[in-house]
Amino acid sequence: MKLPQQVNVLLLGSGGREHAFAWKISQSERVAKLYIAPGNAGTAGCGINVDIAPTNFAGIKQFVLSSNINLVVVGPEEPLVKGIHDFFAGDPEIRYIPVVGPSVDGARLEGSKQFAKDFMTRNNIPTAAYKSFSKENIGEAEEFMRKLKPPYVLKANGLAAGKGVLIIDDFNTALEELGAMINGKFGAAGSKVVIEEYLSGIEVSVFVATDGTNYKILPEAKDYKRIGDGDTGLNTGGMGAVSPVPFADEAFMQKVEERIIKPTIDGLKKENITYKGFIFIGLMNVGGDPYVIEYNVRMGDPETEVVLPRIKSDIIELFEGIVYDTLKDKELVIAPETAVTVMTVSGGYPGDYQKGMVIEGLADTGDESIVFHAGTALKGKEVVTAGGRVISVTSLAGSIKDAAAASYRTIGKFSFEGMNYRKDIGKDLIKIVNAAARKSAASSTKKSTTKSAKSSSEK
Ligand code: AMP
Ligand code: GLY
């Protein structure tokens, strides 16, 4: 099966990820109309925003019928975990409209940490050792934790908007927190808690598009989660991203594909889970070996803001492959350039912050970067802040240093009251690249000296 040559697309969501999708979708010659529900001030420049919440399934159904939508693309996890794929598949009026995004069964990879961990165990996918606890077996937690070395990693089982993971050094504090979580600290999401072994290494996010049988590996990315420079302060949704990731070289990605991607896709198939969409695999590189930290059933934000600008091929073709099981016939072309995105956020974020601040200078940001809106809204003719993460600026260049510098120059051209952003996106990776270059220069000097010593001795 194929999509019509010209498609009307409905994209669900309103963040920087969705602006990046809208930007990429609007470049396809196969798109007739693009609607974004609910979208933001940036997506309004790529298509038509419609005021429907991504979890208002009845409202979405009405809209897709009245606007002749041919394809639905789901940005965030919530509608997936709530079953939007199955809602379409189960309704005779809209079942012919394909949805990019997994079934409710597949969405458990993100919606339930325990399901994800059990899935990995069943399918021999490397991950941290773990055990889940609830009111019934909390008495066994102390014994399990004694087998682990600190720090202790506590994860609320359900969706907790990225805030459900605690990493605690002290044994007694960890036990107390476990009790607090099970007693409702994170609401129902925490009534079950997974405790796991702490993995020490560098994180990388790997993205896979799949039709349930075949897959394409998209560009990988590194995300910067903490609010402060040097990875300090509170966790956020993500303050910046870089793609490609220098340490995710061919040898490492080969291990990721063999040990993680293949068994994940095969496992979904074996377990009869309908999965047509994106899998975001959060990995830890532990001494050169990949371990899964988490699955997400959607693309990352702000990772999408560096992944999509590196994809040169048509995205409607990719979606067509995903929804009609023809991914193996589709070409994915990836640009070799480096993309760096830097997220600007509201003052106070990730704590309390104000909305409605006017963003000045957006008309004059030039063309050195792509300006992706996250939490923004139109208020009359003005663009105002409407969320914690406000605008993510992406640049492409030959190196991390040049791409980051371009993004920072563009950030200098707009402002809003309280604007904050990290000043060090990519710096850690530049250090890794430089250290590797020094090491390889040293070893080639060593080699050439041995060689010349040898040849001189041979003379
Ligand atoms: P998650 O919400 O599962 O992505 O976890 C949030 C963050 O906690 C991750 O991005 C990691 O930095 C960290 N984290 C989660 N699990 C582990 C682990 N087992 N070992 C070390 N760090 C972890
Ligand atoms: N940036 C991390 C996420 O999208 O979950």
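Residue positions are given per chain, counted from 1 along the sequence in the order it is written. Going through the entries in the order they are written, you letter the chains from A and number the ligands from 1. A pLDDT threshold of at least 70 governs which residues receive local features in this predicted model, and a stricter bar of 80 or more applies before side-chain atom pairs are shown or counted, although totals over entire chains, interfaces and linings include all residues. Derived side-chain values reflect all non-hydrogen atoms in the structure, with water molecules and hydrogen atoms excluded from consideration.

(A) Just the overall build of the chain, in detail. Summing up its helical and strand segments, the chain has 13 helices and 22 strands in all. Each radius of gyration is computed over the set of C-alpha atoms, and the globule rule expresses the reference value as 2.2 Å times the number of residues to the power 0.38. Its C-alpha atoms give the chain a radius of gyration of 23 Å, within 12% of the compact-globule value 23 Å for 459 residues. A principal-axis box enclosing the C-alpha atoms of the chain has dimensions of 80 × 60 × 50 Å. Remark: exposure states derive from per-residue accessible area (1.4 Å probe, protein chains only) relative to the maximum for the residue type, with buried under 20%, exposed over 50%, and partly exposed in between. For the chain, the residues scored as buried account for 55% of the 459 residues in total. Any two residues whose heavy atoms approach within 4.5 Å are treated as being in contact. By sequence separation, contacts in the chain at least 24 residues apart represent 70% of the contacts at least 6 residues apart. Only four residue types enter the tally: Lys and Arg on the positive side, Asp and Glu on the negative side; His and the chain ends are excluded. One atom stands in for each charge, and that atom is NZ of Lys, CZ of Arg, CG of Asp or CD of Glu. Each charge class in the chain can be summarised by its mean position, and for the 54 positive and 56 negative side chains these summaries are 4 Å apart. Counting from the N terminus, the helices are DSSP H or I runs at least four residues long and the strands are E runs at least two residues long.

(B) Expanded view of the packing of helix H1 (residues 16-25) against helix H11 (residues 315-323). Axes here mean lines fitted to C-alpha atoms, for a helix over just the part in contact, with angles spanning 0 to 180 degrees between N-to-C directions. Where H1 contacts H11, the axes come no closer than 9 Å and their chain directions differ by 105 degrees. It follows that H1 is roughly perpendicular to H11 by the angle criterion. Two secondary-structure elements touch here, H1 through Phe21, Lys24 and Ile25 and H11 through Ile315, Ile316 and Phe319. An angle below 35 degrees is treated as roughly parallel, one above 145 as roughly antiparallel, one from 65 to 115 as roughly perpendicular, and anything else as oblique.

(C) Summary view of the site of ligand 1. As a matter of local geometry, ligand 1 sits amid 15 residues, with Glu196, Glu197, Leu199, Glu203 and Glu294 nearest to it. Each polar contact in these results corresponds to two N or O atoms within 3.5 Å; when the atoms are within protein, one needs to be able to donate a hydrogen and the other to accept it, and residues that are neighboring in sequence are counted only if both atoms are side-chain atoms. At 2.7 Å, a side-chain N or O of Glu196 approaches a nitrogen atom of ligand 1. Between a nitrogen atom of ligand 1 and a main-chain N or O atom of Leu199, the distance comes to 2.8 Å. Looking at the shell around ligand 1, the elements with two or more residues in it are strand E7 (152-156), strand E8 (165-168) and strand E17 (289-296). Only Asp, Glu, Lys and Arg are considered charged, only Ala, Val, Leu, Ile, Met, Phe, Trp, Tyr, Cys and Pro nonpolar, and every remaining residue, Gly among them, polar. Classifying every residue of the shell around ligand 1 gives eight nonpolar, no polar and seven charged. By convention in these notes, a residue is near a molecule or strand provided one of its non-hydrogen atoms lies within 4 Å of it.

(D) View of helix H2 (residues 57-66). Every buried residue belonging to H2 is among Phe57, Gly59, Ile60, Lys61, Phe63 and Val64, and all of these are buried. Close packing links the buried residues of H2 with strand E1 (7-13), strand E2 (31-38), strand E4 (71-74), helix H3 (78-81) and helix H4 (84-89). Asn68 lies just past H2 and shows a positive phi near 50 degrees.

(E) Structural detail: the environment of Ala37. Mapped onto the elements, Ala37 comes out in strand E2. Residues Ala37 and Leu154, 117 residues apart in the sequence, show an inter-C-alpha distance of 34 Å. When sequence neighbours within four positions are dropped, the list of residues in contact with Ala37 reads Leu10, Leu11, Leu12, Gly13, Val50, Ile52 and Pro54.

(F) Spotlight on the sheet that holds strand E5 (residues 99-100). DSSP calls a pair of strands paired once it identifies at least 2 bridges connecting them. Strand order in this open sheet of five strands is E3-E2-E1-E4-E5, and the pairing throughout is parallel. In this open sheet, the two strands that pair with only one neighbour each are strand E3 (48-49) and E5. Across four bridges, the pairing between E1 and E4 is parallel. Each residue of the ladder has a partner; that of Val9, found in E4, is Leu71. Running at roughly 160 degrees to E1, H2 makes contact with E1, E2 and E4 of the sheet.

(G) Up close: the nonpolar core. What makes a nonpolar core is a set of buried Ala, Val, Leu, Ile, Met, Phe, Trp, Tyr and Cys residues whose side-chain atoms join them at distances within 4.5 Å. Membership of the largest hydrophobic core comes to 71 residues, with the highest contact counts inside it found for Leu10 and Val72. With seven residues, helix H9 (residues 250-270) is the largest single contributor of residues to this core. Contacts of Val72, omitting those with residues within four sequence positions, involve Leu10, Leu12, Val64, Phe88, Ile97, Pro98, Val99 and Val100.

(H) The arrangement of the packing of helix H5 (residues 104-111) against helix H6 (residues 113-122) in detail. In the contact formed by H5 and H6, the axes pass within 6 Å of each other and the chain directions differ by 100 degrees. On the basis of their axis angle, the class for H5 and H6 is roughly perpendicular. On H6, the residues touching Asp105, Arg108, Leu109 and Gly111 of H5 are Lys113, Phe115, Ala116 and Phe119.

(I) Structural view of the sheet that holds strand E11 (residues 215-217). Read across the sheet, four strands follow the order E11-E10-E16-E17 without closing on themselves; strand pairing throughout is antiparallel. Across the chains shown, the open sheet's two edge strands, defined by having one partner strand only, are E11 and E17. Sheet twist, expressed as the mean angle between neighbouring strand axes with direction ignored, is 35 degrees.

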